[in-house]
Every structure is written in C-alpha cells, then in structure tokens.
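Spelled out, the chains give:
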Amino acid sequence: MVCNRLDELSNRCQAKCQTKPIPRVNDALYHSLKEHYPIKHNTVNPHVSFVLMLLLGIMALGQVATLQAATKKRPNILFIAIDDLRPELGCYGNSYVKSPHIDQLARDGITFTQAHCQSAVCNPSRASLLTGMRPDTIKVWDLQDQLRLKKPDVVTLPQYFMQNGYHSVGLGKIYHNIIPDEASWSVPKLFIKGFPFDPDAVYRHSSNVAWLDQRKKEITAQGKQDKYIDQFGQWYLKATATEIVDQPDNAYYDGAQTDLAVKKLAEFKKMDKPFFFAVGYYRPHLPFNAPQKYWDMYQRKDIPLATNPFVPRDSPIMAINNLRELRGYTDFKTIARPEQRQVDQAQARRLKHGYLACVSYIDAQVGRLLAELDTLGLRDNTIVILWGDHGWKLGEHGSWCKMTNYEIDTRAPLIISTPKTMGKQIQCDKLVEFVDVYPTLCDLAQLRIPSDLEGVSLVPLISQPSRPWKQAVFSQFLREGIWKAPDGQEYMGYAIRTNRYRYVAWMNWKTKKMVAYELYDHQTDPQENTNIAARPEQANVIKKLAAQLKAGWQAATPVK
C-alpha cells in the first residue's frame, strides 16, 4: 500500500518536472531507505521526486528516532573490577570482614558463590573475561602477552557495547595495568594527574618516601632511570609490602579515581545515550597500602590465619607458586619458597591485616559509587556488576598471592545487581565462569549475543538459581619465565572443576607431553590438602575427568 502510493506520487511529480529533474537523494541514504522500504526497481526513477524524498525522509527519521529511543532506554552498565579480591567478604559468609557496601550490593542482586576465572593471574584472566574467550583461544597466557597482537580483530565487551550505542569509558585497572586497550573506549582511557601510569605501588609514609628518594638517586647515578620512569614522567618503584598512613582516601590512587568516577557519573546522567562505565580498583593487590582508619577496623591478634599452611600432600613440583610476587617487596626479599619454609606467624598476621584493610578501603569506594547512582537517580536503570579477577592465597598451602590452579586461586567474587533484583538477595551455588560475563551483560541489555563467545548467559540463574547448570568449569595456568617451577621447567596446567572434584593435568610446555596429575575430592577435602590422583581406587574417576577435560567447555554447557 505504502509503496504503491509512493509510486503514484512519484509518477505524478515526474510528469510535472520533465524539464528540470530533481537531484537524486544521497546514495547511502537512498539505498538504506530502499532496504527498509523496498520499492520495485521499474517504478522508481533514479531522480527521486521531492515528494518521494520527503516521504522517505520522514519514514527514515521516524525509524532513526525509534532506534535512538530504544538505545536510550537500554540499561546503563557500572562495571566494577577489583584486583586480587578473593571471596572473603561478609556476603560470602565471612563475618569478620568489614565490607558493608559490597554486602549491600549482594542484597540487591545475585551472588555467585562458585564463580571461577579462566587463569589465576590478572592479564589472561581479564583478557578472557573482556573477550568472552578462553586463554587458549586468544593466546593470552601470561603477564606479557598483548591481546591485540594475538587477536587484533577481537571485539571486547566494552567495545561491543560502544558499537551498540553506548558511551564506553574506562578508569583504573580494567585490562592488565600496563596493557590497556584503547579500542574499547569512546574516549581515551582516564588517568589521574600525579600518579604513575601503573599506580599499584604508591607510597605516602615518610620512611618509604625517604627510602624511595635514596633509591632514585642510586638508580640515576647508574644511568638506569629510564627503566623506572614511565610515559607520564613518574617513577615506578616498590618499597615495603604494607603501609599505614593517617591520610585521606585520595592519597592513594583508588580513592582519587573514585573522586573522578563520581564526577563522571554526573556527566553521564546528562548524556542522551546509555553508558558503560568500567571502574577498576587496584587494592587489595600488593602492596597493602591503605589509610589508617581501615587498618583500625581490625584487631590483628583476632584475625584468623590459614588452617592449612602447607603445600598439598603428594602434589607435583610445579603445582604451587614460587612467591616471586611477594619477594618483589623490600621486607620479603629473602623469604623461602612455600615447599621450603612457611612465612612466620607475625609476618602472616601483618600481611592478612593489610589485605583486609585494603578490602575495607575498596569497599568504601564502592559505597561511594553506589551512593552516587542513588543520588543521581540512575540506579533504576543501571546494572551493576562487581568481580575480582581471581582468588588469592593468604597463607593457604603455605603460600601467598595467586598463580596456581587451586580453588583458592580460581574462585573469585561475582555479584550482579539489576533494577529487577533490588532487595532480593539471591545466592547461586552453581558453577559459573568469567567467560559468562560478556554474554550475560549482552542478555541483560537486550543486545544480540555474539556467536563466537565461549561462555553462556547467566540470566536464567537469576530467576532460577537452583536450576541444572554447567557440569564443569575450566581454568589453566602457565608457569614460565620468572614463574617457572623449581626444577627449571615450564609447564601449563589445565584444571577442570566439577561439583565434586578438581582435576589438574600438567603439560611440559616445551614437549607438550602430560607429566603430572592432581585430583582433589571436595566431598572429603574441600581445602584441597591432599592429592589423591595416584591412588588406585581413583582410577575410574581420573579416567572420567580426563575425558571431560579433553571434551572441553562445549561438552559441559547447561542442558537447554
């Protein structure tokens, strides 16, 4: 009917305009309109009449307006990443941890108690989550691998939202600190003046500042300063592993970036498009530097220490990390490897005290973000997701930091709050993975889920948290370079976690041969203290899990 009427109007107008044809509509617009409003080729003169152009223009404007309205109604995304945050929070059942603001977010959303990262170190974990692809697919396995060099055309999560009409902004640590991804953002990634490009090691205590000043003089005298001065002209040096100062939150980067984040939220409110705002916090990553008021929240003598401060019994030589990360700080340079000797109790209490202080410091910053959403009236149309990039050892297995395939390293917090989950306090104990975040946010924002993603949307679990779900989740860790095993060899460990078991197969990275195995039964050994892979009675279990590991994630997806 519409096309016939347009044909009629076109013919009439052209009969009156034989001597002076009207210029043709812009080619791109013309073909775009023809695609949406098909007109028979033999009835349309290439010099479209003014009336036809006007009618088509009106219809096109109506369609554009409809698309703009649909985009504007899409939910905002506040994407909160927290470095080295393990699921030791009030909302995860740890009452001695002071995390009231994250706990409130959990009460207003769904808390996944069995969320696992794909690799327990920041660069591959973050690259995997932000692409929805697994480390072997994107070939990002360690701290040096650059995503865009390995997979140049990949469309990241914030980039995909940007392509679908979102204003995408990144602040803080989203990707690995030294490998940001500019293609992900609508504007250049935000930084804070006066802080280093990588602001994880910032010191304010007078003794540390004096030590760093002396160290800078020594380095300059040796002519090696270029190695330690970044693109902002700022020094990057590490001093002690902990620091207590009586200064405001913004003395450190995380507080300062929250000041900026709050201002940005006010700016986003005035925009005519939804936002994808990624805010990445550095604490509780080492060094454990936080204002004194957060240290004062805890009595050191009352802090519970790990109940399994020993390497898992019968575990292979490459299974535990080498504490290289902790030895990067002046007060822990000489500590032994986990299989040699434990960190003494006084040091252990100081480290855990510092970790908890930093957790509470970040919790306060999260509280400021959430409060600002409420103040601006944005919460009713904003999805908030909070995640830690992997777990972290605080003396468990006689070790510290991350970089293993154990549960304590792969399991991390994942909380999602939507306008529809406010006050529902949903808990889900199903096995989920960080590659599931990308499709989940697409699903919640009603965007098409890209077909090349290697995770699944978690939206069905929000309405039915107890429904059948994945049979297993998968993680891996590469021990290479300075992280290699005590025998000097490099290994890749592949782990599968089912509802009952964790099975790890270790491959010699050079020869590609499987050389060692681990098996832990969570029914009898939830802390993974004893490797039972070599026991004859576990042969059938090993056979089944090895087959599941080989079949991979595709075979473990939820039954529809």
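Rules behind the numbers
- Residues numbered from 1 in each chain as written.
- Predicted model: local features only at pLDDT ≥ 70, side-chain atom pairs only at ≥ 80, totals over all residues.
- Heavy atoms only, no water.
- Axes fitted to C-alpha atoms, helices over the stretch in contact; angles between N-to-C directions.
- Helix = DSSP H or I, 4+ residues; strand = E, 2+ residues; numbered from the N terminus.
- Parallel < 35°, antiparallel > 145°, perpendicular 65-115°, else oblique.
- Contact = heavy atoms within 4.5 Å.
- Nonpolar A, V, L, I, M, F, W, Y, C, P; charged D, E, K, R; others polar.
- 1 Å grid on protein atoms, 1.4 Å probe; cavity = no way out; pocket = protein on both sides within 12 Å on 5 of 7 lines; lining within 4 Å.
- Points joined across faces, edges and corners; volume = space filled by probe spheres on them.
- Pairing = 2+ DSSP bridges.
- Buried < 20%, exposed > 50% of the residue type's maximum accessible area, 1.4 Å probe, protein only.
- Arc of directions from axis to C-beta.
- Polar contact = N/O pair within 3.5 Å; in protein donor to acceptor, adjacent residues only side chain to side chain.
- Salt bridge = Lys/Arg side-chain N within 4 Å of Asp/Glu carboxyl O.
- Core = buried A, V, L, I, M, F, W, Y, C linked by side-chain atoms within 4.5 Å.

## A few points about the packing of helix H10 (residues 253–269) against helix H12 (residues 345–375)
Here is step 1 of the chain: Put simply, H10 and H12 touch, their axes get as near as 10 Å, and they point 10° apart. Taken together, the axes of H10 and H12 lie roughly parallel to each other. On H12, the residues that touch Asp 254, Gly 255, Thr 258, Asp 259, Ala 261, Val 262 and Leu 265 of H10 are Tyr 361, Ile 362, Gln 365, Arg 368, Leu 369, Glu 372 and Leu 373.
Here is step 2 of the chain: Residue classes in the contact of H10 with H12 are distributed as seven nonpolar, three polar and four charged.

## Points about the layout of surface pockets
Using a probe with the size of a water molecule, rolled over the atoms, empty space left in the structure can be pinpointed.
Here is step 1 of the chain: Each pocket or cavity is described by its volume, and for the largest pocket that value is around 1,000 Å³.
Here is step 2 of the chain: As for the largest pocket, its lining consists of 32 residues, of which Asp 198, Asp 200, Tyr 236, Lys 238 and Arg 324 are closest to the centre.
Here is step 3 of the chain: A breakdown of the residues in the lining of the largest pocket according to their chemical character gives 13 nonpolar, seven polar and 12 charged.
Here is step 4 of the chain: Estimated volume of the second largest pocket: approximately 530 Å³.
Here is step 5 of the chain: Along its surface, the second largest pocket is lined by 22 residues, and Arg 86, Glu 396, Ile 408, Arg 411 and Gln 527 are the ones closest to its centre.

## Observations concerning the sheet that holds strand E16 (residues 501–508)
Here is step 1 of the chain: Pairing in this open sheet of four strands is antiparallel, and the strands run E14-E15-E16-E17 from one edge to the other. Each of the sheet's edge strands pairs with one partner strand only, and the pair in question is strand E14 (472–479) and strand E17 (514–521). Put simply, the sheet's adjacent strands are angled 15° from each other on average, direction ignored.
Here is step 2 of the chain: Pairing between E14 and strand E15 (residues 491–498): eight bridges, direction antiparallel. Opposite Gln 476, over in E15, you have Tyr 494 as the bridge partner.

## Here we look at helix H4 (residues 100–107)
Here is step 1 of the chain: When we look at burial in H4, the residues that qualify are Ile 102, Asp 103, Leu 105 and Ala 106. Looking down the long axis of H4, one finds its buried residues gathered within 155° of arc, a one-sided arrangement.
Here is step 2 of the chain: Of the surrounding elements, those touching the buried residues of H4 are strand E1 (76–82), strand E2 (110–112), H12, strand E8 (382–388), strand E11 (414–417) and strand E12 (426–428).

## Describing the packing of H4 against H12
Here is step 1 of the chain: Contact geometry of H4 with H12 gives a least axis separation of 7 Å together with a crossing angle of 50°. Considered as vectors, H4 and H12 are oriented oblique to each other. Residues Pro 100, His 101, Ile 102 and Leu 105 of H4 form the contact with H12, whose own contacting residues are Asp 363, Ala 364, Val 366, Gly 367 and Leu 370.
Here is step 2 of the chain: For the contact of H4 with H12, a count of residues per class yields six nonpolar, two polar and one charged.

## Considering the environment of His 522
Here is step 1 of the chain: Looking at the element boundaries, His 522 is found in the loop between E17 and helix H16 (539–551).
Here is step 2 of the chain: Assessed through its relative accessible area of 13%, His 522 is described here as buried.
Here is step 3 of the chain: Counting along the chain gives 24 residues from His 522 to Thr 498, while the straight-line C-alpha distance between them is 9.4 Å.
Here is step 4 of the chain: With residues near it in sequence (within four places) discarded, His 522 still touches Glu 407, Arg 497, Arg 500, Arg 502 and Glu 528.
Here is step 5 of the chain: A polar atom in the side chain of His 522 sits 2.7 Å from the side chain of Glu 528.

## Some details on the pattern of salt bridges
Here is step 1 of the chain: All chains considered together, the criterion is met by 26 salt bridges.
Here is step 2 of the chain: Linking Glu 433 and Lys 470 is a salt bridge whose minimum nitrogen-to-oxygen distance equals 2.6 Å. Linking Glu 433 in strand E13 (residues 432–433) with Lys 470 in the loop between helix H15 (459–463) and E14, this pair joins segments that are 37 residues apart in sequence. Just as Glu 433 is buried, Lys 470 falls in that class too.

## What about the side chain of Asn 123?
Here is step 1 of the chain: Mapped onto the elements of the fold, Asn 123 is located in helix H5 (residues 122–131).
Here is step 2 of the chain: Note on Asn 123: relative accessible area 5%, which makes it buried.
Here is step 3 of the chain: Polar contacts involving the side chain of Asn 123 include one to the main-chain carbonyl oxygen of Asp 142, which spans 2.7 Å.
Here is step 4 of the chain: Here Asn 123 is in contact with Val 140, Asp 142, Leu 143, Gln 144, Asp 145, His 176 and Ile 179, once residues within four sequence places are set aside.

## What to know about the pairing of E8
Here is step 1 of the chain: Most of E8 is tucked away: seven of the seven residues are buried.
Here is step 2 of the chain: Burial along E8 is two-sided: Thr 382, Val 384, Leu 386 and Gly 388 and Ile 383, Ile 385 and Trp 387, pointing in opposite directions, are all buried.
Here is step 3 of the chain: The pairing of E1 with E8 spans seven bridges and is parallel. Residue pairing for E8: Ile 82 is matched across the bridge by Gly 388.
Here is step 4 of the chain: By the bridge criterion, four bridges tie E8 to E11 in an arrangement that is antiparallel. Within E11, the position partnered with Trp 387 by the bridge is Leu 414.

## Comments concerning the nonpolar core
Here is step 1 of the chain: Formed by 72 residues in total, the largest nonpolar core has its most connected members in Ile 80, Ile 82, Phe 277, Val 366, Leu 386 and Trp 400.
Here is step 2 of the chain: Considering each element in turn, this core owes the most residues, 14 residues, to H12.
Here is step 3 of the chain: In this structure, Val 366 is in contact with Ile 80, Ile 82, Ile 102, Tyr 281 and Leu 386, ignoring residues within four places of it in sequence.
Here is step 4 of the chain: Core analysis: the next-biggest nonpolar cluster, separate from the first, contains 46 residues, Leu 130, Tyr 438, Cys 442 and Leu 458 among them.

## Concerning the environment of Pro 338
Here is step 1 of the chain: Mapped onto the elements, Pro 338 comes out in the loop between helix H11 (292–295) and H12.
Here is step 2 of the chain: When the C-alpha positions of Pro 338 and Gly 395 are compared, they lie 9.3 Å apart, and in sequence the two are 57 residues distant.

Treat this as a map of the structure, not an account of what it does.
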